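Descriptive analysis of the structure
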Amino acid sequence: MQAEGMFPTVRLRRLRYLPAVRRLVRQVHLQPEQMILPLFVRPGRGVKKEIPSMPGHCQLSPDLAADEVRETGRLGLGGVMLFGIPEQKDPEGREALRPDGIIPQAIRAAKDAAPEVLVITDLCFCEYTDHGHCGPLCQRGGRTDVDNDATLELLGQQAVVHAQAGADMIAPSGMMDGMVGAIRKALDAAGFAHIPILSYAAKYASGFYGPFREAAESAPHFGDRRSYQMAPASRTEAALREIQLDLAEGADLVMVKPALAYLDVIREVRRRWPEVPLAAYNVSGEYSMVKAAAERGWLEEKQIALEILTAIRRAGADIIITYWAKEVAHWLAEAPP
Ligand code: PBG
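Residues numbered from 1 in each chain as written. Predicted model: local features only at pLDDT ≥ 70, side-chain atom pairs only at ≥ 80, totals over all residues. Heavy atoms only, no water.

This brings us to the overall build of the protein chain. When helices and strands are counted, the protein chain shows 11 helices and 12 strands. Whereas a compact globule of 337 residues would reach a radius of gyration of roughly 20 Å, the protein chain reaches 21 Å, a difference of no more than 12%. Along the first, second and third principal axes, the C-alpha set of the protein chain runs to 75 × 45 × 40 Å. For the protein chain, contacts bridging at least 24 residues in sequence account for 74% of all contacts bridging at least 6. Here the protein chain displays about 15,700 Å² of accessible surface, and carbon together with sulfur accounts for 52% of that area. Once the 39 positive and 43 negative side-chain charges of the protein chain are each reduced to a mean point, those two points are 7 Å apart. (Helix = DSSP H or I, 4+ residues; strand = E, 2+ residues; numbered from the N terminus. Rg over C-alpha atoms; globule rule 2.2 N^0.38 Å. Contact = heavy atoms within 4.5 Å. Areas by Shrake-Rupley, 256 points an atom, 1.4 Å probe, with all protein chains shown as cover. Lys, Arg positive; Asp, Glu negative; His and termini not counted. Charge placed at Lys NZ, Arg CZ, Asp CG, Glu CD.)

In structure tokens form, the structure reads like this:
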């Protein structure tokens, strides 16, 4: 007698012969509306400055960023995430609080160009401080470090500036303790109780941010970010604790970052909170290493990018912030993988 559930009764290849069947039984889908496009904005008009370590991405002045926002809408993407490169930097990152600063200018330009496109703003101080850390500094135990509680106050103010300029969603990325609660309180007090917070809840001190720091001119001038971002060697459960706290403080959506080396974290967060919208940031290094290998002819960019993004979705992310967002829309329109 033939054992049930075994060859030759069972032939898994039956579902793989025909392209039409393969398409039918595809289980993990990529859709343009799940993709968020990061944009780097700098002051000026008609400015388009290439970012050498991120081929295909540029620092743009608000007018040209607005064109990208329009394109984002045309392609049916989920929205844009704005990063600002200010004219001036100082120890506190004061420029980040100006109502006519680079991010408010970019938000207004985006909303003039395509009001229906979702505008998310990255909320942090590392682009605005002259030392490149994510908030003002203080001395703690004989070491220079970011002043957590002073940063909270400033984050609240920056969030309100973004909301007043028309941001649809605020995404704090500084990994300060209590940041979500502080931002929620500040937004609510200013009449923005309806603005959701997408927290960079589990963000690791990662080498994969290298190209971004060139793009955003935000590399720390001394030390690193290990006193506030998570240790890559911490257990997956450490990320769950971060997420749990941010949810308790009022985060509406949560993010795991980077994505590719942290698929286990994405998986666990999805399992534990199936009801919470989960984003993953397919970060600059994940993008640039594929670009670099593709330029040498070592990898095929489209195939690899779609495979990576599919893996991130399979792990459980609903939303992906990716530098490939526009390409994904084009690739999916050509022929779904
Ligand atoms: C910090 C921030 C960083 C990224 C997004 N927000 C860099 C950092 O923590 O140094 C990295 C994104 C990427 O690498 O694509 N505001």
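More follows now that the structure is in view.
Glancing now at the site of the ligand. Close contacts around the ligand come from 17 residues, with K203, R213, K257, S284 and Y323 the closest. Take S173: an N or O atom from its side chain is 3.0 Å from a nitrogen atom of the ligand. Here an oxygen atom of the ligand sits 2.8 Å away from a polar atom, N or O, in the side chain of Q229. Class assignment for the residues of the shell around the ligand results in nine nonpolar, three polar and five charged. (Near = heavy atom within 4 Å. Polar contact = N/O pair within 3.5 Å; in protein donor to acceptor, adjacent residues only side chain to side chain. Nonpolar A, V, L, I, M, F, W, Y, C, P; charged D, E, K, R; others polar.)

Quick look at the environment of H221 now. The topology assignment puts H221 in the loop between helix 6 (210-215) and helix 7 (236-248). Along the sequence, H221 and T129 sit 92 residues apart, while their C-alpha atoms lie 10.0 Å from each other. When residues no more than four places from it in sequence are discounted, the contact partners of H221 are D130 and H131. From its side chain, H221 meets the backbone oxygen of D130 in a polar contact 3.0 Å long.

With that settled, consider empty space enclosed by the protein. Using the criterion set out here, one finds three cavities of 30 Å³ or more in the structure. The volume enclosed by the largest cavity comes to roughly 130 Å³. Lining the largest cavity are 19 residues, and of these C126, K203, Y209, F212 and K257 sit closest to its centre. Counting only elements with at least two residues in the lining of the largest cavity, the list comes to strand 9 (198-203) and helix 6. Of the volumes computed, that of the second largest cavity is approximately 40 Å³. Contributing to the lining of the second largest cavity are E95, A96, R98, G101, I102, I103, P104, Y128, Q158 and H162. Broken down by secondary-structure element, the contributors of at least two residues to the lining of the second largest cavity are helix 3 (102-113) and helix 4 (148-165). Looking at which element gives the most residues to the lining of the second largest cavity, the answer is helix 3, with three residues. (1 Å grid on protein atoms, 1.4 Å probe; cavity = no way out; pocket = protein on both sides within 12 Å on 5 of 7 lines; lining within 4 Å. Points joined across faces, edges and corners; volume = space filled by probe spheres on them.)

In the structure shown here, the tally under the stated rule is nine aromatic pairs. Summarising the aromatic geometry, the rings of Y204 and Y262 are spaced 4.2 Å apart at their centres and angled 20 degrees between planes, so their arrangement reads as stacked. Of this pair, Y204 sits in the loop between strand 9 and helix 6 while Y262 sits in the loop between strand 10 (253-257) and helix 8 (263-272), placing them 58 residues apart in sequence. The exposure class assigned to Y262 is buried, which follows from its relative accessible area of 8%. Taken together, a centroid distance of 5.7 Å and an interplanar angle of 55 degrees make the contact between Y287 and Y323 tilted. Residue Y287 is located in helix 9 (residues 284-295), and its partner Y323 is located in the loop between strand 12 (319-322) and helix 11 (325-334); the two are separated by 36 residues in the primary sequence. For Y323, a relative accessible area of 1% puts it in the buried group. An aromatic cluster is built from F40, F83, Y200, F212, Y281, Y287, Y323 and W324, whose rings are joined through pairwise contacts. Over the face of the ring belonging to F212 we find K257, whose NZ or CZ atom lies 5.9 Å from the ring centre. (Phe/Tyr/Trp six-rings, centres within 6.5 Å; stacked < 30°, edge-to-face > 60°. Buried < 20%, exposed > 50% of the residue type's maximum accessible area, 1.4 Å probe, protein only. Lys NZ or Arg CZ within 6 Å of the ring centre and 35° of its normal.)

Geometric values such as these leave the question of function open.
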